[in-house]
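Architecture and fold: a report
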Amino acid sequence: AAFPGAAAPPGVFQQGPPTTAFPGVWFGQAPGFAPPPAAGQPMGGQGAPGEPAAQRGPGVPRYSYAANQQAYPEYTAQAAPVQPQVDPVVEAFLRDEHQSNAPAYFVRACSSRLPSAVGLAAKVPVPLGFVFQPLAPVDGQWNVPSVSFRNAPGTIVRCKKCKAYMNPYVTWSHNSRRWNCNLCGYNNETPSNYQSFLDDQGKRGDRNERPELQYGSIDYLSPGEQYCARPPQPPVFIFVIEVGYTAVQSGFLDAVAAGLKQVVADRSYPGGSRTKMAIVTYDTSVHFYKLGANLSQPQMVVVSDLEDMFLPLAEDILVSAEECENTILTLLDTLPGMFRSTKLNESCLGSAVRAAEIATKHIGGRMMIFSSTIPTLGEEKLTLKQSREQTKSSAQADKEAELLRPAIVGYIDKAQALSGVQSTVELFVAPQSYVDLASLRPLAELSGGDLHYYPQFNYQQQGEKVQQEIVHTMTREMGWEAVMRIRISRGWKLSQYYGHHQRRGQDLLVMPSCTSDQTFTVVAEMDEGTVPDPVVTVQCALLYTNSSGERVIRVHTYGCLTVQSPQEVVNHVDPQAVAVTLGHLMMETQRPPREAKLAEARNYLNQQCQKIVAAAQNSPNAESLMTIPLYVLGLLKSPALRASNDTPVDLRGYFWSRLGSLSVPLTVAFCYPRMFSLHDLDLATGEAGDEGRIVLPQTLNLTAQCMVGHGVFLIEDGHQMMMWLGRQVSPDFLFSVFQVQAIEQLDPNAAAELFAPANIGAATDPLAIKVQNIIGAVRSERIPFMRLEIVRQQLDQGETKFFQYLVEDRTLGLQMSHQEFLQRLGHRPAGAAAAGTPQRGY
């Protein structure tokens with residue numbers, strides 16, 4: 001039987017199981033679509049460009065090759081080629097790749113076919129890379145198969161030369177007494193207790209009883225202390241919370257306390273009785289708290305010496321979350337009131353991080369830092385000179401690239417030190433003004449964590465988002481004290497590694513805490529003067545401690561055929577994986593030693609798209625290929641890259657950080673958001689379908705041509721949702737959904753509260769129920785939590801922001817429509833488009 005889930009997940013945006021509130025909604029799936037193609041076929045995604053026609057609803061943008069066939073008579077006139085004799089190795093691969101390759105939840109290849117020579121690789125217009133999400137959530141109907149060797153130490157079978165793990169692509173000889181590694185070719189001796197017999201095809205007779213010989217994704221449960229340098233680490237959370245004037249007055253401290261209280265009170269954190277917690281607060285000094293279970297009230301001890309930090313308490317700083325639950329909850333209840341009248345508005349963030357490091361250096365853990373102001377005191381302070389033109393916009397040509405780089409290396413050094421003691425930083429920043437994120441974000445990125453950013457924080461508008469993201473951060477699947485290696489077959493090498501991690505040596509990736517959200521990308525290159533194997537294999541092995549204290553090795557193996565034609569490589573491109581990889585390569589232009597201007601990053605993307613458009617002109621896979629320029633156009637118009645004065649430098653830096661570890665579906669949503677109409681819902685839309693999933697409206701092209709003045713449209717990019725209401729919207733719609741008679745009576749902030757998570761399902765009007773179901777379903781597909789912003793036509797300033805999402809039109813950041821962009825890249829369709837009449841290519 002095939003490995004459940006071995007094909008691509010059903011929907012481009014699917015990344016995890018349904019939520020409790022909407023049990024029938026998959027991550028990103030609009031019901032009614034067929035699943036994507038099996039492994040080895042061109043990948044696409046439902047609701048996004050690049051998928052097969054059978055999976056797309058009307059209005060979803062796509063490139064139409066058939067509409068332009070007349071432009072390529074040399075292709076359409078070709079005779080059917082003579083079928084060559086099939087190599088037995090290739091035949092076996094094609095027969096088993098669906099099951100033997102890791103599912104698309106975990107691995108996406110830029111192309112499932114790779115060139116067989118260096119000269120051919122130079123002619124391929126797309127990067128050859130792989131995107132891994134090792135702990136990605138799946139659909140909930142199956143688990144990654146596990147193999148336990150706890151009672152048989154030393155039985156995890158690995159190659160003695162390259163240390164690759166046993167997988168379905170190895171070959172056997174001498175009646176299974178020896179096996180050849182499919183990555184390095186070394187001939188290994190099989191342990192006596194792992195031998196079996198071989199059938200007439202040379203396959204092991206017991207392969208159906210051994211998951212590691214069948215499936216591309218497997219969990220090895222480590223035997224004894226073979227993979228432990230110390231006793232398994234328990235889940236540890238240390239909360240480092242700013243309590244200065246800005247954090248208090250904006251309501252950020254209240255939101256943080258509420259989010260932490262929810263997790264502690266519900267005991268929804270991982271690890272159960274093993275979990276430990278500590279709380280440190282800071283403003284112009286650092287405050288430690290004694291949280292012993294025998295205390296009626298927590299006790300605070302203040303350390304004012306910021307240059308020589310020390311631990312003022314010998315015990316009860318890091319405590320059991322269950323045993324000391326009441327003391328922790330008491331402190332979280334009283335924190336906002338304790339500092340309500342504070343006038344201190346400076347931050348000693350660097351010293352607070354040092355304090356948390358001292359408190360947890362013997363054990364490590366996840367450090368959750370909450371900050372609101374630029375650190376100007378203590379260790380690693382940022383002076384006004386170092387904060388570099390903080391009032392300027394990042395769009396200034398002479399400053400934009402410089403402002404995206406750290407002013408000091410102190411936080412880079414701190415991240416490296418924390419990684420060395422198995423600590424990861426999750427950084428939450430909610431400022432009212434510039435805080436130099438470029439200098440702060442390496443603290444999270446290089447320790448394996450993520451950055452969360454809430455500019456001009458207001459509790460009423462963003463408090464729910466902060467709380468929901470704290471809950472998600474603490475309750476998602478996590479791997480502790482994790483390291484990862486990615487290996488590839490002989491004849492190939494991995495030249496670039498991307499993601500939030502530290503690399504030690506040549507190929508060891510260190511993440512003190514790896515989560516289900518984290519994604520890593522590698523770029524592969526051919527070695528000069530070598531002939532690769534017919535099947536090239538890449539293998540990702542993540543060693544970590546799960547929250548139950550077990551050492552686990554999660555192994556993902558993915559095989560690709562080598563081919564003799566660059567066109568064959570292009571024909572099997574996954575446009576979404578290519579878009580992710582191009583984004584990483586673009587950001588590489590801003591790193592040392594190059595440190596180019598942002599204009600060069602934009603030029604790099606344009607040059608790559610020109611190559612892709614040229615290749616698509618004569619490719620039967622043009623439909624998939626031509627979605628890549630559309631994704632790139634969306635990236636160029638996004639806050640990460642657009643050349644406009646409305647993008648503060650901190651906001652741009654945040655999106656660069658986010659793109660550094662974003663999953664494939666969320667990157668696609670960032671580049672090409674989804675838009676739905678809500679004013680014309682049919683009977684089935686917004687209700688549970690046959691499988692219990694909420695039926696979503698059909699997606700629309702991102703152009704104002706799809707909008708009408710009496711309409712209501714919802715758009716989401718994986719980070720935020722916006723609802724646009726036209727001036728002529730029906731009074732019946734307004735009354736049913738918002739309980740107002742006219743659009744002028746609508747308060748956008750109050751209206752958005754109707755769709756807060758606590759209010760979803762509270763509506764009684766049938767139309768309001770449908771709209772709430774749709775918003776709840778879309779929100780459940782995304783991580784992080786998406787706040788809804790409502791704007792009214794010609795009445796609210798946020799309307800400009802909504803139209804910047806319409807990437808197929810001319811926008812503020814790039815005065816070029818989709819068709820104009822394609823023409824600039826050299827795309828010349830025949831017929832109406834050539835005559836000057838706009839012709840939709842997607």
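Residues numbered from 1 in each chain as written. Predicted model: local features only at pLDDT ≥ 70, side-chain atom pairs only at ≥ 80, totals over all residues. Heavy atoms only, no water.

**As for the overall build of the protein chain**
- Summing up its helical and strand segments, the protein chain has 24 helices and 27 strands in all.
- For the protein chain, the proportion of its 842 residues judged to be buried stands at 62%.
- Contacts in the protein chain between residues far apart in sequence, at least 24 positions, make up 74% of those at least 6 positions apart.
- In the form shown here, the protein chain has an accessible surface area of approximately 31400 Å², with 49% of it arising from carbon and sulfur atoms. (Helix = DSSP H or I, 4+ residues; strand = E, 2+ residues; numbered from the N terminus. Buried < 20%, exposed > 50% of the residue type's maximum accessible area, 1.4 Å probe, protein only. Contact = heavy atoms within 4.5 Å. Areas by Shrake-Rupley, 256 points an atom, 1.4 Å probe, with all protein chains shown as cover.)

**Notes on the pattern of salt bridges**
- All chains considered together, the criterion is met by 31 salt bridges.
- Among the salt bridges present, the one from Arg476 reaches Glu426, with a minimum N-O distance of 3.2 Å. One end of the pair, Arg476, is in the loop between helix H12 (459–475) and strand S17 (478–488); the other, Glu426, is in strand S15 (residues 423–429), with 50 residues separating them in the sequence.
- The class for Glu426 is buried, based on a relative accessible area of 0%.
- Of the charged contacts, one joins Lys770 and Glu687 as a salt bridge, the two residues approaching to 3.7 Å between their closest N and O atoms. Separated by 83 residues along the polypeptide, Lys770 in helix H22 (residues 766–780) and Glu687 in the loop between strand S24 (674–677) and strand S25 (712–716) bring together distant segments of the chain.
- For Lys770, a relative accessible area of 11% puts it in the buried group.
- For Glu687, a relative accessible area of 32% gives the class partly exposed. (Salt bridge = Lys/Arg side-chain N within 4 Å of Asp/Glu carboxyl O.)

**Re the side chain of Arg792**
- Here Arg792 is to be found in strand S27 (residues 787–792).
- On the basis of relative accessibility, which here comes to 10%, the residue Arg792 falls in the buried class.
- In terms of polar contacts, Arg792 uses its side chain to reach the backbone carbonyl oxygen of Leu746, at 2.9 Å.
- Apart from residues lying up to four places away in sequence, Arg792 is in contact with Leu725, Ile743, Glu744, Leu746, Pro748 and Glu799. (Polar contact = N/O pair within 3.5 Å; in protein donor to acceptor, adjacent residues only side chain to side chain.)

**Considerations on the sheet that holds strand S18 (residues 492–498)**
- Sheet architecture is open: 4 strands sit in the order S1-S3-S21-S18, paired in antiparallel fashion. The open sheet is flanked by strand S1 (107–109) and S18, the only strands paired with a single partner. Across this sheet, the average inter-strand angle for adjacent strands is 25 degrees, counted without regard to direction.
- Alignment of S18 against strand S21 (residues 520–526), held across 6 bridges, turns out to be antiparallel. Across the sheet, residue Tyr497 finds its bridge partner in S21, namely Val522. (Pairing = 2+ DSSP bridges. Axes fitted to C-alpha atoms, helices over the stretch in contact; angles between N-to-C directions.)

**Re the nonpolar core**
- Core analysis: the biggest nonpolar cluster contains 145 residues, and Phe130, Val286 and Ile369 have the highest contact counts within it.
- In this structure Ile369 touches Val240, Tyr282, Leu349, Val353, Val425, Glu426, Leu427, Phe428 and Leu443, once residues within four positions along its chain are discounted.
- Counting residues in hydrophobic clusters, the runner-up holds 38 residues, among them Val248, Ile328, Phe428 and Tyr454. (Core = buried A, V, L, I, M, F, W, Y, C linked by side-chain atoms within 4.5 Å.)

**Comments concerning the packing of helix H14 (residues 575–588) against helix H19 (residues 664–671)**
- One way to put it is that H14 packs onto H19 with a least axis distance of 9 Å and a crossing angle of 80 degrees. In this view, H14 runs roughly perpendicular relative to H19, as classed from their interaxial angle. From H14, Gln576, Ala577 and Val580 reach across to H19, where they touch Val664, Thr667 and Val668. (Parallel < 35°, antiparallel > 145°, perpendicular 65-115°, else oblique.)

**Concerning H19**
- Along H19, 8 of the 8 residues are buried, which leaves the element largely enclosed by surrounding structure.
- Along H19, the residues that are buried comprise Val664, Pro665, Leu666, Thr667, Val668, Ala669, Phe670 and Cys671.

**Section: helix H7 (residues 349–360)**
- The terminal C-alpha atoms of H7, which comprises 12 residues, lie 17 Å apart, in line with the 16 Å expected from a rise of 1.5 Å per residue.
- Summarising burial for H7: 11 of the 12 residues are buried, a large majority.
- Within H7 the residues assigned to the buried category are Leu349, Gly350, Ser351, Ala352, Val353, Ala355, Ala356, Glu357, Ile358, Ala359 and Thr360. (Expected span 1.5 Å × (residues − 1).)

**Overview of unusual backbone geometry**
- Across the junction of Ile783 and Pro784, the peptide omega takes the value 10 degrees, indicating a cis bond.
- Looking at where Pro784 falls in the secondary structure, it is placed in the loop between H22 and S27.
- Despite not being glycine, Asn175 has its phi angle at roughly 55 degrees, a positive value.
- Backbone geometry at Gln456 places phi at a positive 45 degrees, although glycine is not the residue there.
- Here Gln456 is to be found in the loop between strand S16 (451–453) and H12.

**Here's the deal with the packing of aromatic side chains**
- Taken as a whole and assessed by the stated rule, the structure comprises 19 aromatic pairs.
- One cation-aromatic arrangement involves Arg204 over Trp172; the distance from NZ or CZ to the ring centre is 4.5 Å. (Phe/Tyr/Trp six-rings, centres within 6.5 Å; stacked < 30°, edge-to-face > 60°. Lys NZ or Arg CZ within 6 Å of the ring centre and 35° of its normal.)

**What to know about the confidence of the model for the protein chain**
- Counting all residues, the mean pLDDT for the protein chain is 85, and 84% of those residues have values of 70 or more.
- Note that residues 50–79 has pLDDT below 50 and, in this model, 72 contacts with residues that lie over four places away or in other chains. (pLDDT = per-residue confidence, 0-100.)

**Things to note about the environment of Gln815**
- In this structure, Gln815 sits in the loop between helix H23 (799–804) and helix H24 (818–824).
- Taking the relative accessible area as the measure of exposure, Gln815 reaches 54% and is therefore exposed.
- Gln815 sits 178 residues away from Lys637 along the chain, and the two C-alpha atoms are 9.4 Å apart.

**Brief notes about the sheet that holds S27**
- Spatially, 4 strands are ordered S24-S25-S26-S27 in an open sheet, and the strand pairing comes out mixed. Two strands bound the open sheet, and with one partner strand each, they are S24 and S27. Recorded for the sheet is a direction-independent mean angle of 20 degrees between the axes of neighbouring strands.
- In this structure, S25 lies alongside strand S26 (residues 720–725), joined through 5 bridges in antiparallel fashion. Bridge assignment links Leu714 to a residue of S26, and that residue is Met723.
- Sheet contacts for H22: S24, S25, S26 and S27; angle to S26, the most-contacted strand, approximately 155 degrees.

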